[in-house]
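Chain residues, written in single-letter form:
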Amino acid sequence: MQKVLINQYKRQDVFQCGHKAHFKFEKNVSVYHVLKEKRCYPEGCVYFLWKCKLLNKGHSCPKRYQHVGRNCFSCKNYFEEKITYQPEILLNKEEIEDFQRELEEFEDWLQSVVGKRIEFSGTLNSVKPHFKKKRFGSKEILNFPGFLISFKEGYLDRIFFKDHIFLTISRKTQENLKFAKGDKVEFEAFLRTDKGRIILEKARYVEFLEKRKEAFWNLSQAIVAKNTGTEFDCQPEKCLVCEQGCLLDVIEKEGQHSKTYRHLFCLAGVTDPENCVYHLAKKIKMVKT
């Protein structure tokens, strides 16, 4: 029987959390976030809410600050409120046992392949420019290292991975091979993880089993999108599945500290996801042609 795996780290049907940061995801959080990043199950996690005695009562700050920040720590009006959040598990006893067994099997497999070159075959789901933003205080730099290819499923060596897999390629590789949605390919690549995602990189021996005549991203189009695209601090579901929406890796540095998170980047330059008419305009164009 063929061995089938899914990405247990990216499951969002296991845990739920009431922290306000998760409200836009309907309180659903990934297994990776809970068990690996925050490590907050079952003990929970503690947050300190920064507050000001003056601002809370509607008074103005002597230093004219509009909100509480790091510069307020030494002020006599500053105080903290300790808040504890504990993830809620959504599974029953039998489902929990199944999940623990499946997670252990997934992690054993992952440990055996991370950092190694493996064979992969699958059908491209999307090809999009890959952007990374670095923030140093008020300074921002948007880099364009290459392209990001996604697969909804594929074969990793002899394992059928029925979940999302990503491949990073350089600008030059896309210029030479012209990857497009629907292409069936096989190649060798190194496997790594990124916040629970399965990432393939440094592909070689690329062979097209089927080459589609779909439109593909070229370098000039990607550069235009980089300069005219828009960034959202949320990740609307309709944007994530849209051909013009891609995730933007943001690295924010402040002194010795740094944090990494993802925003949504609209390649079409739409300024408001709620009022987006991209798909409607596309349908009208198809009818006219």
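Note that the structure is a prediction, hence the values are computed from the model and not measured.

Visitor: Which residues make up the overall build of the chain, and what values go with them?
Guide: A tally of regular secondary structure across the chain gives 7 helices and 16 strands. Along the first, second and third principal axes, the C-alpha atoms of the chain reach 70 × 50 × 40 Å. Put simply, the chain has 289 residues, and 35% of those count as buried. Contacts spanning at least 24 positions in sequence make up 65% of the contacts within the chain whose residues lie at least 6 apart. Each charge class in the chain can be summarised by its mean position, and for the 52 positive and 39 negative side chains these summaries are 8 Å apart.

Visitor: An account of the pattern of salt bridges is requested, with residue identities and associated values reported.
Guide: Per the counting criterion, the structure on display carries 20 salt bridges. A salt bridge links Glu105 to Lys3, with the nearest nitrogen and oxygen atoms 4.0 Å apart. Residue Glu105 is found in helix H3 (residues 93-113), and its partner Lys3 is found in the segment before strand E1 (4-5); the two are separated by 102 residues along the sequence. Among the residues examined, Lys3 registers a relative accessible area of 38% and is labelled partly exposed. Two residues, Asp249 and Arg262, come together in a salt bridge whose shortest N-O distance is 3.1 Å.

Visitor: Got a sec to walk through the sheet that holds strand E6 (residues 88-89)? Specific residues and values, please.
Guide: The 3 strands are arranged E3-E2-E6 in an open sheet whose pairing can be described as antiparallel. Two strands in the sheet have a free side with no partner beyond their single neighbour: strand E3 (28-29) and E6. In this structure, strand E2 (residues 15-16) lies alongside E6, joined through 2 bridges in antiparallel fashion. Bridge pairing in E6 places Gln16 opposite Glu88.

Visitor: Would you mind going over the side chain of His263 in detail, with residue names and values included?
Guide: Mapped onto the elements, His263 comes out in strand E16 (residues 257-266). A polar contact of 2.6 Å, which involves the side chain of His263, links it to the side chain of Glu231. With sequence-adjacent residues up to four places away left out, His263 is seen in contact with Arg135, Glu231, Phe232, Asp233, Cys246, Leu247, Leu248 and Val250.

Visitor: Please give an account of the nonpolar core that cites residues and values.
Guide: The biggest cluster of nonpolar side chains holds 47 residues, and the ones touching the most others in it are Trp109, Phe151, Leu156, Leu191 and Leu200. Here this core takes 6 residues from H3, the largest share from any one element. Residues contacting Leu156, with those up to four places away along its chain left out, are Trp109, Ile118, Glu119, Phe120, Phe161, Ile165, Leu191 and Leu200. Listed in part, the 5 residues of the second largest apolar core include Cys239, Leu264, Cys266 and Val270.

Visitor: Let's hear about the state of the cysteines: which residues, and what values?
Guide: Inspection of the entire model under this criterion finds 0 disulfides. Cysteine Cys52 is unpaired, with the sulfur of Cys75 as its nearest cysteine sulfur at 6.1 Å. Residue class for Cys52 comes out buried when judged on its relative accessible area of 10%. Overall, Cys75 belongs to the partly exposed group, its relative accessible area being 35%.

Visitor: Any details on unusual backbone geometry? Residues and values, ideally.
Guide: The amide bond that connects Tyr41 to the next residue, Pro42, takes the cis arrangement and shows omega of 5°. At Arg64, a position not held by glycine, the phi torsion is positive, near 70°. With respect to the helices and strands, Arg64 occurs in the loop between helix H2 (53-56) and strand E5 (78-85). Assessed through its relative accessible area of 75%, Arg64 is described here as exposed.

Visitor: Give a description of the packing of aromatic side chains that names residues and reports values.
Guide: A full pass over the atoms with the stated rule returns 15 aromatic pairs. Feature note: the residues Tyr9, Tyr32, Phe106, Trp109 and Phe161 constitute an aromatic cluster, connected by ring pairs. Stacked on the ring of Phe166, the Lys or Arg Arg197 has its end atom at 5.0 Å from the ring centre.

Visitor: Tell me what's going on with H3, and back it up with residues and numbers.
Guide: Between its first and last C-alpha atoms H3 spans 31 Å; for 21 residues at 1.5 Å apiece the expected length is 30 Å, and the two agree. Of the positions making up H3, those classed as buried are Phe99, Leu103, Phe106, Trp109, Leu110 and Val113. Along H3, the residues classed as buried sweep out an arc of 130° about the axis, all on the same side. In this structure, H3 carries Lys93, Glu94, Glu104 and Gln111 as exposed residues pointing more than 90 degrees from its buried face. At the N-terminal boundary of H3, the capping side chain belongs to Asn92, with an oxygen 3.2 Å from the backbone nitrogen of Glu94. Gly115 occupies a position one or two residues after H3 and carries a positive phi of about 85°.

Cut-off values and rules
Residues numbered from 1 in each chain as written. Predicted model: local features only at pLDDT ≥ 70, side-chain atom pairs only at ≥ 80, totals over all residues. Heavy atoms only, no water. Helix = DSSP H or I, 4+ residues; strand = E, 2+ residues; numbered from the N terminus. Buried < 20%, exposed > 50% of the residue type's maximum accessible area, 1.4 Å probe, protein only. Contact = heavy atoms within 4.5 Å. Lys, Arg positive; Asp, Glu negative; His and termini not counted. Charge placed at Lys NZ, Arg CZ, Asp CG, Glu CD. Salt bridge = Lys/Arg side-chain N within 4 Å of Asp/Glu carboxyl O. Pairing = 2+ DSSP bridges. Polar contact = N/O pair within 3.5 Å; in protein donor to acceptor, adjacent residues only side chain to side chain. Core = buried A, V, L, I, M, F, W, Y, C linked by side-chain atoms within 4.5 Å. Disulfide = S-S within 2.5 Å. Phe/Tyr/Trp six-rings, centres within 6.5 Å; stacked < 30°, edge-to-face > 60°. Lys NZ or Arg CZ within 6 Å of the ring centre and 35° of its normal. Expected span 1.5 Å × (residues − 1). Arc of directions from axis to C-beta.

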